[in-house]
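Residue-level structure breakdown
One letter stands for each residue in the lines below.
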Amino acid sequence: MGQRILITGGAGFIGSHTCLVLLEAGHELVVVDNFDNSSPEALRRVEELSERSALTVVEGDIRQPLVLDQAFRSRGAIDGVIHFAGLKAVGESVADPLRYWDVNLNGSRVLAAAMEQHGCRTLVFSSTSTVYGEPEQFPLREDMTTAPVHPYAQTKLAVEQMLEALCRSSSWRVACLRYFNPVGAHPSGQIGEDPLGVPNNLFPFITQVAAGRRDRLQVFGDDYPTNDGTGIRDYIHVMDLAEAHAVTLDHLLQQPVSSCLTLNIGTGTGLSVLDVVKGFETATGLTIPFDVVERRPGDVPRLQACPEQAKTVLGWTARRSLQEMCRDGWAWQQANPMGYRQPA
Ligand code: NAD
Ligand code: UD1
């Protein structure tokens, strides 16, 4: 049966794909987003793709209790919340830590208080694999040490801890999902990742080089202790990640009592920067010119999930290949060279 779900940050990269999966599963949605890093056009396209009009948008900031109050009242009682809204740029978090603590931690606190007030205690939270810091053992299991090394990851771990405390204090059902590296796009090419300015992340940089928006990729270091010297990550198709949210919420809603889950959401496969470049070239038939440059400050050599816990608890595993990540990400870039903005 369809549930009524509140999604914070639903217009963003991961949020928009998750909204589509949830609409297609028959749920009703209320999205709260201030469009700080996204466009309302993403949600318009999500509704169009789903061929349903079951999505209410409340434009505003999650730190404003009145905005959340409006969202909780807009369609009737909310069954569960998926909380994507937040800031995610590591370098920016080092330069402006107070903003990160305010939006990520305080925003989550205001949201949790609004949920209490409206009698909704079921929450899926966007955490990150960067909470593991600079690990030395792989694959990463959820019970391994967390040692975040920048304010972005510190704020995410603090929210995890706040939510664990809520589960201990009363009957909350919470899942903290530690995402590895989401990439790709919906296969329609209608929604995708739309970074403002120069992309920080590898994948959108590659697609922008392919599209001719950037000249060459810079590979940040080839002297890491990895197979080819470049950094290793666990890339996951954003549609697999979106589906993980739908499965997680279903699971939580079936729990009769308080429950607090922390789950890695990755594929379990580690790929180097050069593996991704080669994979993209194979999937698209294009060539990605690159230069090897200095390491990027703050980068770790390797992050790779053990995804077994999500499989055991949720029955979920990532299904899509690197080829699909590249093909779908490229389809989005080609159809939308300037993202959701109209070409000038
Ligand atoms: P995104 O920036 O595309 O989406 C975040 C959304 O939240 C945007 O639509 C933005 O406008 C909105 N938002 C930001 N601050 C807000 C506020 N104060 N009030 C209301 N809305 C606000 O990012 P994403 O890649 O979709 O990531 C979603 C979540 O997942 C974030 O919390 C991020 O930290 C986390 N995460 C992302 C990655 C990744 O690689 N993309 C990895 C791990 C964790
Ligand atoms: C980065 C963030 C991480 C955040 C994630 C999603 C840092 C240190 N980490 O993760 O906290 O959750 O983005 O926003 O910023 N690379 C290149 N050239 C590029 C870009 C990246 O060689 O132009 C390399 C990096 O060195 C790394 C790999 O590609 O080895 C992946 O980088 P990226 O996509 O930025 O992801 P993370 O660094 O894992």
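Let me sum up the structure you'll find in this document. (Residues numbered from 1 in each chain as written. Chains lettered and ligands numbered in written order. Predicted model: local features only at pLDDT ≥ 70, side-chain atom pairs only at ≥ 80, totals over all residues. Heavy atoms only, no water.)

Some points on the overall build of the chain
The condition is simple: Only DSSP runs of H or I reaching four residues or more are called helices, and only runs of E reaching two or more are called strands; each is numbered from the N terminus. Our radius of gyration looks at C-alpha atoms and nothing else; its globule reference is 2.2 Å times the residue count to the power 0.38. Buried residues are those whose accessible area, probed at 1.4 Å on protein chains only, stays under 20% of the maximum for their type, while exposed residues exceed 50% and partly exposed ones sit between those limits.
Scanning the chain from terminus to terminus reveals eleven helices and 13 strands. A compact globule built from 344 residues would reach a C-alpha radius of gyration of about 20 Å, and the chain, at 19 Å, matches this within 12%. In terms of principal-axis extent, the alpha carbons of the chain reach across some 55 × 45 × 40 Å. Out of the 344 residues in the chain, the part that is buried amounts to 55%.

Quick notes on the environment of Arg 296
How we decide: The contact rule is simple, with two residues in contact once any of their heavy atoms fall within 4.5 Å.
With respect to the secondary-structure elements, Arg 296 resides in the loop between strand 13 (290-293) and helix 10 (308-314). Assessed through its relative accessible area of 31%, Arg 296 is described here as partly exposed. Residues Arg 296 and Leu 263 lie 33 residues apart in sequence; the distance between their C-alpha atoms is 28 Å. Those residues in contact with Arg 296, other than ones at most four positions away along the chain, are Asn 200, Phe 220 and Tyr 224.

Concerning the environment of Asn 37
Inspection of the secondary structure assignment puts Asn 37 in the loop between strand 2 (28-33) and helix 2 (40-50). Each C-alpha atom of the pair Asn 37 and Ala 85 lies 9.7 Å from the other, and the pair is 48 residues apart in sequence. Not counting chain neighbours up to four residues away, the residues in contact with Asn 37 comprise Lys 88 and Leu 196.

Considerations on the side chain of His 245
Looking at the secondary structure, you find His 245 in helix 8 (residues 238-253). Judged by its relative accessible area of 0%, His 245 falls in the buried class. With residues near it in sequence (within four places) discarded, His 245 still touches Ile 14, Thr 18, Ile 82, Phe 84, Val 124, Leu 177 and Tyr 179.

Observations regarding unusual backbone geometry
Most peptide bonds are trans, and most residues other than glycine sit at a negative phi. The step from Phe 138 to Pro 139 runs through a cis peptide bond, and the omega angle for that step is -5 degrees. Looking at the secondary structure, you find Pro 139 in the loop between strand 5 (122-128) and helix 6 (151-169). Its identity as a non-glycine residue notwithstanding, Phe 35 has a phi of 55 degrees, on the positive side. Its location among the elements puts Phe 35 in the loop between strand 2 and helix 2. Even without being glycine, Glu 51 reaches a positive phi, approximately 55 degrees. Among the structural elements, Glu 51 can be located in the loop between helix 2 and strand 3 (55-59). Accessibility expressed as a relative area gives 72% for Glu 51, which makes it exposed.

Considering the site of ligand 2
We count it as follows: Any residue with a non-hydrogen atom lying within 4 Å of a molecule or strand is treated as near it. Polar contacts, as used here, are pairs of N or O atoms within 3.5 Å; protein pairs need one atom able to donate a hydrogen and one able to accept it. Residues neighboring in sequence count only if both atoms are side-chain atoms. Under the grouping applied here, Gly and all other residues not named as nonpolar or charged are polar, the nonpolar ones being Ala, Val, Leu, Ile, Met, Phe, Trp, Tyr, Cys and Pro and the charged ones Asp, Glu, Lys and Arg.
Lining the immediate surroundings of ligand 2 are 20 residues, of which Asn 201, Gln 218, Arg 233, Arg 296 and Asp 299 lie closest. Here an oxygen atom of ligand 2 sits 3.5 Å away from a polar atom, N or O, in the main chain of Asn 200. Tallying contributions element by element places strand 8 (residues 217-220) first for the shell around ligand 2, with four residues. Its residues assigned to classes, the shell around ligand 2 comprises eight nonpolar, eight polar and four charged.

Coordinates in, geometry out; function isn't part of it.
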